[in-house]
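Chain by chain, the residues:
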Amino acid sequence: MTTGPALRVRGIRKNFGEHAALDGVDLDVADGEVVTIIGPSGSGKSTLIRCVHQLETIDSGAIYLDDELLGHERRRGGLRPLSARRVAAQRSRMSMVFQQFHLIPHFTVLRNITEAPVRVHGRSREEAEAEARDLLARVGLADRAAHYPRQLSGGQQQRVAIARAVAARPRVMLFDEPTSALDPELVDEVLGVMRKLAGEGMTMVVVTHEIAFAREVADRCVFMEAGRIVESGTPDEMLTNPRTARLRSFLARHRDTDTTPQEPVS
Amino acid sequence: MAGPIPVTESRIPANPKTDDVALSRRRVRPWRVVAGAVLALVAVLLVHFLVTNPRLEWGVVAEYLFEPSVLSGLGTTVWLAVAATVVGAVVGAILAAAQMSQFPPVRWAATLYIGVFRGIPPLVQLIFWFNLAYLLPRISLGIPFGPEFVSWDANEVITPVTAAVIGLSLVESAYMAEIIRGGLLGVEQGQRDAARAMGLTPGQTFFRVVLPQAMRVIIPPGGSQFISVLKGTALVSVISMADLLHSVQVVYNRTYEIVPMLIVACLWYLAVVTLFTVGQRWLERHFSRGHTTGGLTRRPNKMTDGASA
């Protein structure tokens with residue numbers, strides 16, 4: 001492996017019209033590190049990981065995965081955008097878990113998990129299915145392989161989505177508020193699976209409203225506001241002794257409403 | 001607002017012996033009785049008319065129903081409708097993609113195409129294509145403004161068959177483009193995100209994830225569209241193509257048995273449309289796989305069975 005960080009984000013900016021969703025963000029994520037991103041709605045947290053995963057293009061800056069520039073190539077002394085197929089290939093080395101799960105409704109649970117390993121990573125169907133059943137067992141859904149996603153509860157769907165994301169054997173896993181669309185009593189089953197993954201050394205970037213989870217699982221916590229990183233550090237020092245007034249007031253507001261408010265996808 | 005609720009018997013204090021909705025009787029619905037009687041009367045009148053009117057000449061209908069020339073006309077009608085639908089769906093899909101292009105000139109071209117071929121009556125288009133030879137005496141392949149490789153006499157190329165296929169396909173593709181575009185727009189953006197996030201290429205994303213979901217929305221209007229085209233093929237009789245209508249016209253021009261021969265055509269049109277509708281229902285079920293909550297909306301015992309749909 002490389003000596004540099006697994007993921008490196010350098011000064012990225014992203015505008016939606018006049019609005020600067022990301023206004024110069026730098027972030028390094030080391031191999032095996034778990035970084036949680038907290039911040040108010042519209043602070044750019046989701047946009048940041050969507051840009052990392054190349055679901056959105058960035059307007060300036062650069063993103064590297066294992067020192068490989070994402071989305072562009074150096075050619076004739078300048079940068080050129082990569083073709084959609086090559087971006088897809090780069091993207092396949094990361095995986096993302098969405099707030100709204102986004103399982104493919106006409107695929108069974110098993111097929112949702114095996115699709116990328118078979119179609120993208122060229123594994124045999126038998127191997128992919130065996131691994132998928134194994135992953136389903138690990139998220140506690142061994143008996144749901146033949147179901148369709150709509151037949152499952154939200155918490156179960158999200159656990160399938162996590163199994164799907166792990167099946168791609170990603171270098172980095174990105175989580176976009178994975179528990180925000182869940183009923184409060186279903187949040188813990190999903191956090192439990194994520195806790196296990198973090199314990200196994202998966203490199204993870206987690207956008208979350210769950211302050212308690214951010215504190216418990218993260219190696220590092222990042223607080224964003226208005227498209228910038230305002231504060232970052234180990235969860236203990238940061239969440240116990242916030243340096244900035246803005247983080248202090250954010251935490252104060254969140255202590256009262258720790259069961260995550262529903263936030264629309266940005 | 002309604003006035004004060006009148007005091008009825010239900011205001012009487014609860015009686016644990018008789019208060020059980022299982023004991024309630026059916027409500028009398030007088031208007032249903034009236035509607036049923038009217039419908040029955042209409043049905044009787046219709047049957048009476050069909051049976052007793054000698055001008056319907058059912059004997060003639062039976063005699064010509066399986067006449068070889070009629071069956072051959074039926075075959076022409078069906079393959080023409082299928083050909084126009086297949087070509088129309090393929091071209092329509094391309095047009096739908098073009099309309100959603102990021103590159104404006106491609107969008108404009110698609111919009112112009114759809115506007116023109118949807119805006120001119122199909123009958124006019126058919127006659128126009130049939131007379132293409134007047135506008136373009138020779139049809140050739142080659143480099144534009146450069147040398148020609150092959151060329152044909154338009155009078156030989158444009159037969160009733162090619163004029164009919166071209167005309168109907170053009171009209172059909174314009175309608176299918178809108179239907180397909182509507183279906184694609186109906187698939188939520190999150191599905192595209194998820195497919196891309198899995199590392200699927202744009203082609204895989206479209207054919208494996210987006211299109212199957214769009215089909216649910218495309219099939220019902222697409223089926224209506226097929227029925228329209230099937231009936232629309234009757235227009236080709238004006239350019240003397242031997243379709244179903246043309247084949248019965250040939251007979252009644254000779255025998256003057258107009259009404260029974262038209263009934264022959266009607267019966268076949270209805271038969272094909274009915275058969276197709278059955279097929280369409282099957283397709284709809286196929287593409288709605290996974291879109292129902294399955295066990296949760298069906299009978300409760302299915303859920304406890306583990307509903308392995």
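Heads up: these notes are all about the structure in this document. (Residues numbered from 1 in each chain as written. Chains lettered and ligands numbered in written order. Predicted model: local features only at pLDDT ≥ 70, side-chain atom pairs only at ≥ 80, totals over all residues. Heavy atoms only, no water.)

**Observations concerning the side chain of Asp 243 of chain B**
Residue and element names in this part refer to chain B.
Right, so step 1: Counting through the fold element by element, Asp 243 comes out in the loop between helix H10 (202–232) and helix H11 (244–255).
Right, so step 2: Buried within the structure, Asp 243 lacks any salt-bridge partner; its nearest side chain of opposite charge belongs to Lys 231, at an N-O separation of 13 Å.
Right, so step 3: Of note is the side chain of Asp 243, whose polar atom sits 3.0 Å from the backbone nitrogen of His 246. (Helix = DSSP H or I, 4+ residues; strand = E, 2+ residues; numbered from the N terminus. Buried < 20%, exposed > 50% of the residue type's maximum accessible area, 1.4 Å probe, protein only. Lys, Arg positive; Asp, Glu negative; His and termini not counted. Salt bridge = Lys/Arg side-chain N within 4 Å of Asp/Glu carboxyl O. Polar contact = N/O pair within 3.5 Å; in protein donor to acceptor, adjacent residues only side chain to side chain.)

**Here's the deal with the interface of chain A and chain B**
Right, so step 1: Taken together, the 30 residues of chain A in the interface contact 28 residues of chain B.
Right, so step 2: Of the roughly 2,600 Å² buried between chain A and chain B, counting both surfaces, carbon and sulfur atoms make up 56%.
Right, so step 3: Taken as a group, His 106, Arg 150 and Gln 151 of chain A account for 24% of the area that chain A buries against chain B, more than any other trio of residues on that side.
Right, so step 4: Between the two partners, chain A and chain B, sit two salt bridges.
Right, so step 5: The partner of Asp 193 of chain B in a salt bridge is Arg 50 of chain A, and the shortest N-O contact between them spans 3.0 Å.
Right, so step 6: Put simply, chain A and chain B have six residue pairs in polar contact (both at pLDDT 80 or more) between them. (Contact = heavy atoms within 4.5 Å. Buried area = accessible area lost by both parts, 1.4 Å probe.)

**Observations concerning the environment of Asp 183 of chain A**
Right, so step 1: Relative to the helices and strands, Asp 183 of chain A is located in the loop between strand E9 (172–176) and helix H6 (184–199).
Right, so step 2: The spatial distance from the C-alpha of Asp 183 of chain A to the C-alpha of Thr 203 of chain A is 27 Å, given a sequence separation of 20 residues.

**Side note on the nonpolar core**
Residue and element names in this part refer to chain B.
Right, so step 1: Residues Val 236, Val 248 and Val 264 are the most contacted members of the largest nonpolar core, which totals 46 residues.
Right, so step 2: Going through the elements one at a time, helix H2 (58–65), helix H3 (68–99), helix H4 (104–119), helix H5 (122–130), helix H8 (160–185), H10, H11 and helix H12 (258–287) are the ones with two or more residues in this core.
Right, so step 3: If you tally residues by element for this core, the top one is H12, at eight residues.
Right, so step 4: Excluding its chain neighbours within four sequence positions, the residues that come into contact with Val 236 are Leu 80, Leu 126, Ala 164, Leu 168, Met 241 and Asp 243. (Core = buried A, V, L, I, M, F, W, Y, C linked by side-chain atoms within 4.5 Å.)

**Remarks on the pattern of salt bridges**
Right, so step 1: Applying the stated criterion across every chain, the model contains 29 salt bridges over all chains.
Right, so step 2: Taking the shortest distance from any N to any O, the salt bridge between Lys 45 of chain A and Glu 177 of chain A comes out at 3.9 Å. You can see Lys 45 of chain A sitting in helix H1 (residues 45–52) and its partner Glu 177 of chain A sitting in the loop between E9 and H6, a full 132 residues away along the chain. The same class applies to Lys 45 of chain A as to Glu 177 of chain A, namely buried.
Right, so step 3: The structure contains a network of salt bridges with shared partners spanning Arg 50 and Glu 56 of chain A together with Asp 193 and Arg 196 of chain B.

**Remarks on the pairing of strand E2 (residues 148–153) of chain B**
Right, so step 1: For strand E1 (residues 138–142) of chain B and E2 of chain B, the ladder comprises five bridges, and the chain directions are antiparallel. When the sheet's bridge partners are listed, Ser 140 of chain B is paired in E2 of chain B with Ser 151 of chain B. (Pairing = 2+ DSSP bridges.)

**A look at the layout of surface pockets**
Once rolled over the atoms, a probe with the size of a water molecule shows which space is left empty.
Right, so step 1: The space that makes up the largest pocket amounts to roughly 1,000 Å³.
Right, so step 2: If you go around the largest pocket, you meet 37 residues; those closest to its centre are Ala 84 and Arg 91 of chain A together with Gln 102, Arg 196 and Pro 202 of chain B.
Right, so step 3: For the lining of the largest pocket, the residue count by class is 21 nonpolar, 11 polar and five charged.
Right, so step 4: In terms of lining residues, the second largest pocket is bounded by 20 residues, among which Ala 89, Met 176, Met 215, Ile 218 and Ile 219 of chain B are the most central.
Right, so step 5: Elements with a contribution of two residues or more to the lining of the second largest pocket: H3, H8, H10 and H12 of chain B.
Right, so step 6: Sort the elements by how many residues they give to the lining of the second largest pocket and H10 of chain B lands first, with nine residues.
Right, so step 7: When grouped by side-chain class, the residues that make up the lining of the second largest pocket number 15 nonpolar, five polar and no charged. (1 Å grid on protein atoms, 1.4 Å probe; cavity = no way out; pocket = protein on both sides within 12 Å on 5 of 7 lines; lining within 4 Å. Points joined across faces, edges and corners; volume = space filled by probe spheres on them. Nonpolar A, V, L, I, M, F, W, Y, C, P; charged D, E, K, R; others polar.)

**Details of the packing of aromatic side chains**
How two aromatic rings sit relative to each other is given by the distance of their centres and the angle of their planes.
Right, so step 1: Summed over all chains, the structure comprises six aromatic pairs over all chains.
Right, so step 2: Ring geometry for Phe 223 of chain A versus Phe 250 of chain A: centroids 5.2 Å apart, planes at 45°, classification tilted. Taken together, the residues span a long stretch of sequence, with Phe 223 of chain A in strand E11 (residues 220–225) and Phe 250 of chain A in helix H9 (residues 245–256) at a distance of 27 residues. For the pair Phe 223 of chain A and Phe 250 of chain A, one class covers both residues: buried.
Right, so step 3: Ring plane angle 90° and centroid distance 6.1 Å describe the contact between Phe 128 of chain B and Trp 129 of chain B, whose orientation is recorded as edge-to-face.
Right, so step 4: Classification of Phe 128 of chain B as partly exposed rests on a relative accessible area of 49%. (Phe/Tyr/Trp six-rings, centres within 6.5 Å; stacked < 30°, edge-to-face > 60°.)

**Observations regarding the packing of helix H5 (residues 154–167) of chain A against H6 of chain A**
All names here are of chain A.
Right, so step 1: Remark: H5 packs on H6, axes separated minimally by 8 Å, with the N-to-C direction vectors making an angle of 20°. As judged from the angle between their axes, H5 and H6 are roughly parallel. Considering the relative orientation of H5 and H6, their crossing is right-handed. For the pair H5 and H6, contact is made by Gly 154, Gly 155, Gln 156, Gln 158, Arg 159, Ile 162 and Val 166 and by Leu 186, Glu 189, Val 190, Val 193, Met 194 and Leu 197, respectively.
Right, so step 2: A per-class count over the contact of H5 with H6 returns seven nonpolar, four polar and two charged. (Axes fitted to C-alpha atoms, helices over the stretch in contact; angles between N-to-C directions. Parallel < 35°, antiparallel > 145°, perpendicular 65-115°, else oblique. Left-handed = near helix turned anticlockwise from the far one by under 90°.)

No statement about biological role is implied by the geometric values presented.
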